[in-house]
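Observations on the three-dimensional arrangement
What follows is the residue order along each chain.
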Amino acid sequence: MTRRPPRTADELRQAFTDFFVSKSHTAVPSASLIPHDPTVLFTVAGMVPFKPYFVGDEIAPFKRAATVQKCVRAGGKHNDLDDVGRTKRHLVFFEMLGNFSFGDYFKESAIPWSWELVTEHLGFDGDRIWVTVHTSDDEAEAIWHEQVGVPLDRIQRLGDKDNFWQMGDTGPCGPCSELHIDRGPAFGPDGGPLNDPHGDRFMEFWNLVFMQFNQAPDGSRTPLPKPSIDTGAGLERILALVQGTDSVWETDALFPMIEQAQSLTGARYLTGDYDDRASFSLRVLAEHARSSAMLVGDGVFPSNEGRGYVLRRIIRRAVRHAYLLGTEKLVMPDLVRTAVDVMGHAYPDLVSQRDFVVDVLTREEERFRQTLKTGVAILDGEIARSAGRLAGETAFLLHDTYGFPLEVTEEIVGERGLTVDREGFDREMTSQRERAKAARKGAGVAAELQDRYREILEEFGTTNFVGYTSDESAARVLAVIETDDGLDVFLDRTPFYAESGGQVGDTGRIEGSSGVLEVLDTTFAVPGLRRHHCRLVSGEVSIGQLVTAIIDSDRRASIRRHHTGTHILHWALREVLGDHVKQAGSLVDDHRLRFDFNHFAALSADEIARIEELANHETLVNTAVTAYETSKEEALAKGAIAFFGDKYGDTVRVLQAGPSVELCGGTHVSATGDIGIIKIVSEGSIGANLRRIEAVAGDRSLGLLQKQESTLGTIAELVGTDVVVEGVNRKLAELKAALDEIKTLKARAARGRATEFATAASNGVVVERVDGLAPDELRDLALAVRAVAGIRRVVLGGLTPAGGVSLVAAVASGEGAAGDLIRDAAKAVGGGGGGKGDVATAGGKNPQGLDEALRIATEVARP
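Rules of the game
- Residues numbered from 1 in each chain as written.
- Predicted model: local features only at pLDDT ≥ 70, side-chain atom pairs only at ≥ 80, totals over all residues.
- Heavy atoms only, no water.
- Pairing = 2+ DSSP bridges.
- Helix = DSSP H or I, 4+ residues; strand = E, 2+ residues; numbered from the N terminus.
- Axes fitted to C-alpha atoms, helices over the stretch in contact; angles between N-to-C directions.
- Buried < 20%, exposed > 50% of the residue type's maximum accessible area, 1.4 Å probe, protein only.
- Arc of directions from axis to C-beta.
- Contact = heavy atoms within 4.5 Å.
- pLDDT = per-residue confidence, 0-100.
- Expected span 1.5 Å × (residues − 1).
- Patch = residues over 30% accessible without salt bridge, like charges linked within 9 Å, V, L, I, M, F, W, Y side chains within 5 Å.
- Areas by Shrake-Rupley, 256 points an atom, 1.4 Å probe, with all protein chains shown as cover.
- Salt bridge = Lys/Arg side-chain N within 4 Å of Asp/Glu carboxyl O.
- Disulfide = S-S within 2.5 Å.
- Phe/Tyr/Trp six-rings, centres within 6.5 Å; stacked < 30°, edge-to-face > 60°.
- Lys NZ or Arg CZ within 6 Å of the ring centre and 35° of its normal.

**Some thoughts on the sheet that holds strand β13 (residues 472–483)**
- Taking strand neighbours around the barrel as the criterion, the six strands line up as β13-β14-β18-β17-β16-β19 in a closed arrangement whose pairing is antiparallel. Across the sheet, the axes of successive neighbouring strands diverge by a mean angle of 45°, strand direction being ignored.
- Summarising the sheet, strand β16 (residues 508–512) and strand β17 (residues 515–526) pair through four bridges and their orientation is antiparallel. Residue pairing in the sheet places Glu511 in a bridge with Val516 of β17.

**Topic: the pairing of β17**
- From the end of β16 to the start of β17, which pair antiparallel, there are two residues.
- Relative to strand β18 (residues 529–539), β17 runs antiparallel, the two being bridged by ten bridges. Bridge pairing in β18 places Leu517 opposite Leu536.
- Linking β17 back to β18 in an antiparallel pair, the connection comprises two residues, with Gly528 at a positive phi of about 95°.

**Quick notes on helix α7 (residues 255–265)**
- Those residues of α7 lying buried are Met257, Ile258, Ala261, Leu264 and Thr265. Relative to the axis of α7, the buried residues are bounded by an arc of 125° and lie together on one face.
- Tucked into the core, α7 has its buried residues touching α8 (277–297) and α10 (332–343).

**Section: the confidence of the model for the protein chain**
- The predicted model of the protein chain has a mean per-residue pLDDT of 87, with 94% of residues at 70 or higher.
- Note on residues 439–445: pLDDT is under 50 here. Beyond four places in sequence and across chains, it has two contacts.

**Re helix α9 (residues 306–324)**
- Between its first and last C-alpha atoms α9 spans 27 Å; for 19 residues at 1.5 Å apiece the expected length is 27 Å, and the two agree.
- Two residues or fewer after α9 comes Gly326, characterised by a positive phi angle close to 85°.

**Details of the environment of Val480**
- Positionally, Val480 belongs in strand β13.
- On the basis of relative accessible area, Val480 is assigned to the partly exposed category, the value being 27%.
- Residues Val480 and Arg64, spaced 416 residues apart in sequence, show a C-alpha to C-alpha distance of 36 Å.
- Discounting chain neighbours no more than four positions away, the residues touching Val480 are Leu487, Asp488, Val489, Val541 and Ile543.

**Examining the environment of Gly831**
- The residue Gly831 is located in the loop between α23 (819–828) and β31 (832–834) in this model.
- With eleven residues separating them along the chain, Gly831 and Ala842 place their C-alpha atoms 7.1 Å apart.
- In this view, Gly831 contacts Ala826, Gly843 and Gly844; residues no more than four positions away in its chain are not counted.

**Description of unusual backbone geometry**
- Even without a glycine there, the phi angle at Asn622 is positive, about 60°.
- Here Asn622 lies in the loop between α18 (605–621) and β22 (625–631).
- Judged by its relative accessible area of 41%, Asn622 falls in the partly exposed class.
- We note that Asn763 has phi near 55°; this positive angle belongs to a residue other than glycine.
- Structurally, Asn763 can be placed in the loop between α21 (724–759) and β28 (765–769).
- For Asn763, a relative accessible area of 62% corresponds to the exposed category.

**Description of the sheet that holds β22**
- Read from one edge of the open sheet, four strands run β22-β24-β25-β23, paired in mixed fashion. Taken across any chain shown, the strands that pair with only one partner, and hence form the sheet edges, are β22 and β23 (641–642).
- Pairing geometry for β23 and strand β25 (residues 660–663), over two bridges, is parallel. What sits directly across from Ala642, in β25, is Leu663.
- Contacting β22, β23, β24 (651–657) and β25, helix α17 (residues 553–577) runs over the sheet at an angle of about 115° to β25.

**Section: a nonpolar patch on the surface**
- Side chains of Leu732, Leu735, Leu739 and Ile742 sit close together on the surface and give an oily, nonpolar patch of about 380 Å² of accessible area.
- Within the secondary structure, Leu739 sits in helix α21.

**Regarding the state of the cysteines**
- This structure, assessed with the given rule, holds zero disulfides.
- Cys176 takes part in no disulfide bond, and the closest cysteine sulfur to it belongs to Cys173, at a distance of 10 Å.

**Overview of the packing of aromatic side chains**
- Enumeration according to the criterion identifies 27 aromatic pairs in this entry.
- Consider the rings of Phe50 and Phe100, whose centres lie 4.8 Å apart with planes at 65°: the pair is edge-to-face. With Phe50 in the loop between β1 (26–27) and α2 (51–55) and Phe100 in strand β3 (residues 93–101), this residue pair connects regions lying 50 residues apart in the sequence.
- We classify Phe100 as buried; its relative accessible area is 0%.
- Each residue in the set Phe50, Tyr53, Phe54, Phe62, Phe100 and Phe102 is aromatic and connected to the rest through ring pairs, giving one cluster.
- When the ring centre of Phe187 is taken as reference, the NZ or CZ atom of Arg183 above it lies at 4.2 Å.

Shown next, in the form of structure tokens:
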């Protein structure tokens, strides 16, 4: 049957998904760019969301899956940021088409299906397709040749570097088979992928990974009992082939942004010219606008660490290239709007956040344009002081602190006839990487302990959690592991909630006929396996023993109130501040709730009051809180919001509390009235575009209110009235009057001392030590001395009440700059200061040097 090949990015996504759905695959929506896997900064490949299934931590809810996965490769091990715009294919954000088998089909199906898709559905000429297999993979070669019909002279064998995939030093691994397309003699010589290391002529467009071995620490490999399939094909790369363009830049996924960049900057794009500086900059602007929009849409915000720092680098790189093209106006707003238009059909969530995404990126561009000017000014100053060569340390400072790429620094320096110390820059970069590498060491659980946890999971399965309905449960001890600080106990069933989704783990007791354990915390050893971290109180508890697991129900009740309160607060925040508010972290325990969210400004007192009003209205209404399970798609269709940090399978738990509908696996009250009063305790910034609210609920709110009432009572007693505000205002007025009187008396005393110092002056010059005055008081005294007739120059120094040193100089008209009198003297007390006017001040932290400072000042003042 003749099929029309896909012609657009949207059609390609649909064609790929439809093909594998027809092969009994589950179409799984793209996971977030923020992965649950802590070993990677971003979702870097289609298999990342499925990693727990491949390593055996979790059981896959489907045997076959197909995805169009959003990916970002920037920062960390996977980093294409600096190559963007220089090549025909490198991108920060891209989409990966993938089909996966979790112990179901293997090479016998994956290979023929890949051929069927690309030749019969995507319209590729089979005679132009070359295949590579691993040197050891006779099976794959036989399937390609005998079953698919690819001639042997178009099947090449490559080694581990090119055609063997490993997740790490240990774990699942296996050979790969890659599909390449011959783009013709114009792109290089013949000879297949083996003779084309850069892939210019024989471009690789699909990688089939055959996970069939498990690698041990000693490097040995044993066959996996259930081999799996993981394939990955870059959508943009295939799109370029489908649309017949020379590179990904001319496809409908990216060219609209290039056109917008041309319109904004006035620069002209030269297709295929990778030496033209303007075209390079236009490619960077197009790609980085799309990447930034997708990252912000998934909850990443510009900051100075982690993912936020990578996003900030991407935005700054784009703004730098706009700057290089000579445009002074903002470019990100219009570029991002175009990116949303292009990507919006595939990712409707991005469309719903359009205004917020544009606002975040506009603010960041505005902020950085000022930083850019500052950086150029710094570079100009350093160039003026450099003799032929700019220090590597300076180039690195500009790169690391101000976001200047080395090539921009080199370009500016080169225009002035200088060079950059590349070796010094590389040394600084290496030192930074070593510091980062050292910081990452030691993270995670010891490998042998992790293996033991997995063995328990494989032998007994996941822990049966009964804590939604019960505070205690009969259970059997499955395993006990002794640790440095106690015992890790594993039960077949438990009412203990394991820390996840921001909610802390339960505490309580495990009681058996021969011993009692105090449960100090409950966490997940590996996904699905609950670990009770315990202290032995008495006797002993042995494997196989029947026990009773009992949670601390009072503590759990308080946690429930705070957790449901968090959901209500989340709803109220969105009502008051807008739908852009997303949870960026939380902590729920028995004492308080902490909620981190994305917002770009501090909350006003009126906003906080309104949030509290809405939240407490819902607790007074006392609607029933319900929890039910459904498919993730159905839940999201009903408006449910996913909480940060939670992992969701095919079936999700939905928690509805009044108007709040969230996906949540935590424990909650049965009605909103059980929460009690919700009281916000604090609100503040924890990073760029990140805010944090802390609040209390239930009896904790009561305790807070009682404490505040007690404090007000104490204040009322101190001010002598029950009307606290009136009493405090009266006391403040009295205090102000007293301070004014003190100031008057000090001024009178200063005039007296001024006369005393002036009388002892030598040739109109006064240099005296006066301890015990604050810097402003010492300054007032110096001015009083100068005001006496005949005084030309005054230098006073003394120890301040805070323990520091203060110096003041004052000169009469025509006596030069006051700062000259104390500039050198300040160094003697370990400080600095000065000034060009008739009054100058300085400070220091070395009291022992005060007498020497006054001696130096005397020599300067009395030449």
